[in-house]
Amino acid sequence: MPGRVLIVDDDKHTCELIEAMVTGQGLVADVASSVAEARQHCAAHRYHLLMVDQRLPDGNGLDFVKELDVSRTRQVAVLMTGFVDVRDAVSTIREGLFDYLAKPFESLDALEATLRRALAYDAALREADAFRQMLSQGGHAEALVGQSPAIQRLLAKVAQVAPLDTTVLIEGESGTGKELVARQLHRQSERNEQPFVAVNCGALTEELLESSLFGYERGAFTGAERTTPGFFEAAGGGTLFLDEIADMSPRLQAALLRVVEERSFKRLGSQALQRGDFRLICATNRPLSELVAAGQFREDLMWRLSVVTLETPPLRDRRSDIPLLASYFLDQLNQRYGRQTGPLTPEALEALERAPWRGNVRELRHVIERVVALQPLGSITERDLFEQPHVSALSSAKPQEMPLDYAAARQQFEARWLKQLMEAADGNVSAAARMSGLARQNLYTRLRRYQE
Ligand SMILES: Nc1ncnc2c1ncn2[C@@H]1O[C@H](COP(=O)(O)OP(=O)(O)OP(=O)(O)O)[C@@H](O)[C@H]1O
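What this report covers is the structure whose coordinates are included nearby. Just so we're clear, the structure is a prediction, and the values are computed from it rather than from any experiment. Each chain has its residues counted from 1, running along the sequence as written. Note on the predicted model: pLDDT of at least 70 is required for a residue's local features to be given, and 80 or more for side-chain atom pairs to be given and counted; whole-chain, interface and lining totals, by contrast, use all residues. Calculated side-chain values reflect all of the structure's heavy atoms, with hydrogen atoms and water omitted.

### Comments concerning the overall build of the chain
- Helix and strand counts for the chain stand at 20 helices and 18 strands.
- Here the chain holds 452 residues, and 48% of them are scored as buried.
- Put simply, of all contacts in the chain between residues at least 6 apart along the chain, 70% involve residues at least 24 apart.
- Entry remark: accessible area of the chain is about 22,300 Å², with carbon and sulfur atoms responsible for 51%. Numbering of helices and strands runs from the N terminus; a helix is a DSSP stretch of H or I covering at least four residues, while a strand is a stretch of E covering at least two. Exposed residues in this analysis have more than 50% of their type's maximum accessible area, buried residues have under 20%, and partly exposed residues fall in between, with area computed by a 1.4 Å probe over protein chains only. When checking whether two residues touch, look at their non-hydrogen atoms; a contact exists if any pair is within 4.5 Å. Where accessible areas are quoted, they stem from the Shrake-Rupley method and a 1.4 Å probe; at the residue level, only the protein chains shown are allowed to cover.

### Quick look at the nonpolar core
- We call a set of buried residues a nonpolar core when its members are Ala, Val, Leu, Ile, Met, Phe, Trp, Tyr or Cys and they connect through side-chain atoms within 4.5 Å of each other. Ranked by size, the top nonpolar core spans 48 residues in total, and within it L49, M51, L344, L352, L364, I368 and L385 carry the most contacts.
- Secondary structure elements with two or more residues in this core: β1 (4-8), α1 (12-24), β3 (49-53), β6 (76-81), α6 (108-138), α14 (322-337), α15 (346-354) and α16 (360-374).
- Here this core gets 8 residues from one element, more than from any other, and that element is α14.
- Filtering out sequence-adjacent residues up to four positions away, L49 remains in contact with R4, V5, L6, V76, V78, L115, A118 and L119.
- By size, the runner-up hydrophobic cluster in this structure holds 34 residues, among which are Y216, A246, V259 and L301.

### Digging into the sheet that holds β6
- Strands sit in the order β2-β1-β3-β6-β7 across an open sheet of 5 strands; the sheet is parallel. Each edge of the sheet is formed by a strand with only one pairing partner; in this case those strands are β2 (28-32) and β7 (99-102). Within this sheet the neighbouring strands show an average axis-to-axis angle of 20 degrees, counted without direction.
- Pairing of β1 with β3, which is carried by 4 bridges, proceeds in the parallel orientation. By the bridge assignment, L6 is partnered in β3 with L50.
- Every axis corresponds to a line fitted to the C-alpha atoms, with the helix fit spanning only the stretch in contact, and the corresponding angles, defined between N-to-C directions, vary from 0 to 180 degrees. Along the sheet face, helix α3 (residues 61-68) touches β3 and β6 and points at about 150 degrees away from the line of β3. Between any two strands, at least two bridges found by DSSP are needed for them to pair.

### A closer look at the pattern of salt bridges
- For salt bridges, the criterion is a side-chain nitrogen of Lys or Arg within 4 Å of an Asp or Glu carboxyl oxygen. Inspection of the entire model under this criterion finds 25 salt bridges.
- Measuring nitrogen to oxygen at the nearest pair gives 3.6 Å for the salt bridge that ties R434 to E244. Highlighted residues: R434 in helix α19 (residues 429-436) and E244 in the loop between β12 (239-243) and α11 (250-262), separated in sequence by 190 residues.
- Taking relative accessible area as the criterion, R434 reaches 28% and is therefore assigned partly exposed.
- It is possible to trace a salt-bridge network through shared partners that takes in D9, D53 and K103.

### Notes on the packing of helix α7 (residues 149-161) against helix α8 (residues 178-187)
- Where α7 meets α8, the axes come as close as 9 Å, and the angle between the chain directions of the two elements is 40 degrees. In terms of axis orientation, α7 runs oblique to α8. The handedness of the crossing between α7 and α8 is right-handed. Together, L154, L155, V158 and V161 of α7 and V181, Q184 and L185 of α8 make up the contact between the two elements.
- All residues other than Ala, Val, Leu, Ile, Met, Phe, Trp, Tyr, Cys, Pro, Asp, Glu, Lys and Arg, Gly among them, are scored as polar; the first ten of these are nonpolar and the last four charged. Of the residues belonging to the contact of α7 with α8, the class tally is 6 nonpolar, 1 polar and no charged. Any angle between 65 and 115 degrees counts as roughly perpendicular, while under 35 counts as roughly parallel, over 145 as roughly antiparallel, and the rest as oblique. Two helices that cross are described as forming a left-handed crossing if the nearer one is turned anticlockwise from the farther one by less than a right angle, and a right-handed crossing if clockwise.

### Comments concerning unusual backbone geometry
- Note that the residue after K103, namely P104, is joined by a cis bond; omega there is 0 degrees.
- You can see P104 is positioned in the loop between β7 and α6.
- With omega at 5 degrees, the peptide bond leading from G342 into P343 counts as cis.
- Looking at where P343 falls in the secondary structure, it is placed in strand β17 (residues 340-344).
- Positive phi outside glycine occurs at E244, with the angle close to 50 degrees.
- The class of E244 is buried, set by a relative accessible area of 4%.
- Not every positive phi belongs to a glycine, and R263 is a case in point at roughly 55 degrees.
- Looking at where R263 falls in the secondary structure, it is placed in the loop between α11 and β13 (264-266).

Pasting the structure below:
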């Protein structure tokens with residue numbers, strides 16, 4: 001079905017001009033010369049685009065657009081107006097309008113460009129709506145969102161590998177959705193009625209990780225007051241997900257290799273051998289082959305873990321997914337916090353598509369969450385998104401805010417930088433360490449310094 005555009009203007013010449021452009025693009029155009037007529041058309045159709053003059057014989061075009069509540073009904077509207085100043089433009093966009101056009105039109109090219117952009121925005125909104133509907137029907141609370149070829153290829157592999165019960169290694173940068181992939185593998189496997197146990201190997205000390213995985217008998221070590229089963233047991237029948245596997249110490253790597261080879265393990269302090277009935281999925285931010293080459297990871301364990309390797313692509317390599325992810329998070333977070341923030345203006349979407357996203361999808365989600373928390377309703381502009389200091393906008397720190405003393409300035413800079421870094425990493429110290437290039441312990445020390 002071709003798209004449908006409503007042109008509301010009492011000037012016949014303007015209507016004809018836009019109508020010719022619209023029909024030239026293979027769309028259907030309806031024309032109204034007053035608010036009353038426009039209302040009748042809107043009762044009959046949900047338009048892909050509304051081109052509305054501000055001054056109409058029986059009312060104001062902006063009021064009419066407000067009445068239609070275009071943000072909620074997700075219709076794209078452009079206001080055509082003879083009186084434009086910056087304040088108007090901002091409030092125009094705040095009213096949920098896509099854009100405004102100054103009259104008389106600067107050039108036909110500008111008019112055509114606005115039309116094209118507005119229609120592209122409408123297409124993005126509709127795609128996001130269709131996707132949302134698909135998700136709500138499927139009931140996936142943790143869907144892997146994305147329609148880029150890279151994500152589609154990954155999803156196809158996940159579907160292929162999920163039922164096979166093999167060990168899987170997931171490689172990808174921090175925040176690219178490795179845990180989501182692991183959960184999806186579990187969901188699509190025969191073990192899906194059994195537990196999915198996720199362990200972050202980078203977050204625990206060697207001793208704690210060992211006792212958490214293997215479990216222990218009472219008295220196995222100082223402080224072992226009760227016999228406690230470990231994650232190998234807890235994941236029985238289900239899936240064990242070992243995140244940040246590269247952070248495992250050489251001694252534990254050897255111990256894990258034995259478990260994987262023998263499919264059995266003993267609790268610490270026990271001689272009783274138990275069968276390890278879990279599917280193992282591991283994830284790493286750094287390719288294991290590089291770590292093997294650097295002598296930091298056991299080669300034999302790598303071969304055991306990487307029976308199948310899946311790669312989660314960085315967000316910058318699949319920018320076409322950004323609008324979809326952004327509106328998915330916006331919806332999800334609006335629902336969670338009972339808000340009605342949005343939609344994102346096209347400029348905001350373009351800014352999102354351009355951003356570097358070193359923290360990948362986690363960082364994108366975080367940016368949207370911050371806007372939803374700070375702004376209860378209304379369109380989201382580029383400024384709303386990046387108003388707060390943001391990693392990508394680090395250079396915007398105003399020099400006059402810095403003290404003149406070098407040590408004090410450095411301290412102030414470091415405190416601000418750490419705050420931005422932790423925000424971008426969503427509070428995850430391991431992820432922040434990777435994004436910053438600092439060793440985790442080093443980062444901890446710095447964080448502690450500013451928390452005191
Ligand atoms: N394709 C996606 N669709 C929807 N949400 C996503 C997607 N990818 C990532 N996310 C979200 O981004 C956040 C980070 O994802 P996840 O924890 O799976 O990343 P990760 O690669 O395991 O990160 P890390 O290496 O730091 O542990 C989560 O909130 C997750 O829900």
